[in-house]
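Analysis of the macromolecular model
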Amino acid sequence: MILNVTFWAFSALAVFSGWRVFRADSMVRAAYWLLVSFAAVGVILVLLKAEFLGLILILMMGGEMTIMAVFMVAFMMNPAGLNPMTMVHRNSVAIVAGVVSFLAIAALGVFARFPVARAPVGIDPTRRLGVELLGDSMLVFQTAGVTLLAAMIAAVAISSARGRFGAGDEGSVEPDQLVPDTGAAPERVAGMQPGGPDGPRDPSPMAAGGHT
Amino acid sequence: MTLQALVFVAAAIFGIGVYGALSQQSFVMIMMGLELMLNGTILAGGAMWALTTGGSPKGQMLVVVLMTVMAVEAAMGFALVIGVYRVRKADITEKIKRLKG
């Protein structure tokens, strides 16, 4: 009874705060509404006896939403919500898509027949998950770790101020002599050679000799 | 706390996420929509683990993988927002309608 009341209270909170994310005037408030939604789902996971997952979700999202809020203050317009703000496009199409996906998944939950096999009462799910993580599912766990490492490296590479072809905020565009150009390409390459890589190299031994 | 109720709630969260990801103009708000969709997915995964697998830890592994997906999505999303902002000075989707800048 108490379990059910708690479950429905946190379910309502999760859905309501999820809806408030896209109705808040301030993006910072939107980030914290999203955090409330994640925290409510984390509590529901704890009620389902998946304590580890629920607490990890709350911890992870607490950090991530704080980063998101700081990020929005740094980058976005109107972070404090001083003016009413709605920035939407194709609103009716999006509403229809959301309602249709809700109805489809809810129908799946109501009408599909899933096997009924509740977790036994006496077990310790966290202990079993730990044994699974470092046992049979070690490869999955390791793959997730390597994926996160690759994501970190890729994030640094993408957001670096130094782009591939120069400073990122100047566009970091490809140099135009690398564009295949039928007529002028051989001439330009020939013209580049005196002032190209050989040009700066010539005075340097002399300059070095002059210093010594 | 039946499976139907849990999937119903998860579907509601997912549907709101779909609405947000499709309707918002700001890149960060689109990311929030995607995260909300993953939030619903995590809830459904946890519900399936608790009520249909008999406590097998492999069900929880699926939720761990979903959390990894969420972290990768957030990292890549922030990096792409910064990259697009550096090159185009754009923070909403309407400013990058063309791929060639």
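Reference entry: report on the structure contained in this document. (Residues numbered from 1 in each chain as written. Chains lettered and ligands numbered in written order. Predicted model: local features only at pLDDT ≥ 70, side-chain atom pairs only at ≥ 80, totals over all residues.)

Quick word on the overall build of chain B
- Counting secondary structure elements, chain B contains three helices and zero strands.
- The helix and strand sequence of chain B, counted from the amino end, reads α-α-α.
- Whereas a compact globule of 101 residues would reach a radius of gyration of roughly 13 Å, chain B reaches 17 Å, over 25% beyond that.
- Taken along its principal axes, the extent of the C-alpha atoms in chain B is 55 × 25 × 15 Å.
- Taken over 101 residues, chain B has a buried fraction of 54%.
- Within chain B, contacts between residues at least 6 apart in sequence are counted, and of these 49% link residues at least 24 apart. (Helix = DSSP H or I, 4+ residues; strand = E, 2+ residues; numbered from the N terminus. Rg over C-alpha atoms; globule rule 2.2 N^0.38 Å. Buried ≥ 20, exposed ≤ 12 C-beta atoms within 10 Å, placed from the backbone. Contact = placed C-beta atoms within 7 Å.)

Quick notes on the interface of chain B and chain A
- With 61 residues of chain B in contact, the opposing surface of chain A contributes 76 residues.
- Contributions of two or more residues to the side of chain B that touches chain A are made by helix 1 (3-23), helix 2 (27-52) and helix 3 (57-88) of chain B.
- Here the element with the most residues in the side of chain B that touches chain A is helix 3 of chain B; it accounts for 22 residues.
- Among the residues forming the side of chain B that touches chain A, the class breakdown is 41 nonpolar, 16 polar and four charged. (Nonpolar A, V, L, I, M, F, W, Y, C, P; charged D, E, K, R; others polar.)

Some details on the nonpolar core
- In terms of nonpolar packing, the biggest core is built from 71 residues, with Ala-31 and Leu-34 of chain A together with Ala-10, Ile-13, Leu-43 and Ala-47 of chain B touching the most fellow members.
- For this core, the secondary structure elements donating two or more residues are helix 1 (2-21), helix 2 (27-47), helix 3 (51-75), helix 4 (91-111) and helix 6 (138-159) of chain A together with helix 1, helix 2 and helix 3 of chain B.
- It is helix 2 of chain B that provides the largest number of residues to this core, a total of 15 residues.
- Among residues more than four places away in sequence, those in contact with Leu-34 of chain A are Val-21 and Met-65 of chain A together with Met-32, Glu-35 and Leu-36 of chain B. (Core = buried A, V, L, I, M, F, W, Y, C linked by C-beta atoms within 7 Å.)

Here we look at unusual backbone geometry
All names here are of chain A.
- Even without glycine at this site, Lys-49 takes up a positive phi of about 70°.
- Relative to the elements of secondary structure, Lys-49 occurs in the loop between helix 2 and helix 3.
- The phi dihedral of Arg-90 falls on the positive side, at around 50°, and the residue is not glycine.
- Of note, Arg-90 is situated in the loop between helix 3 and helix 4.

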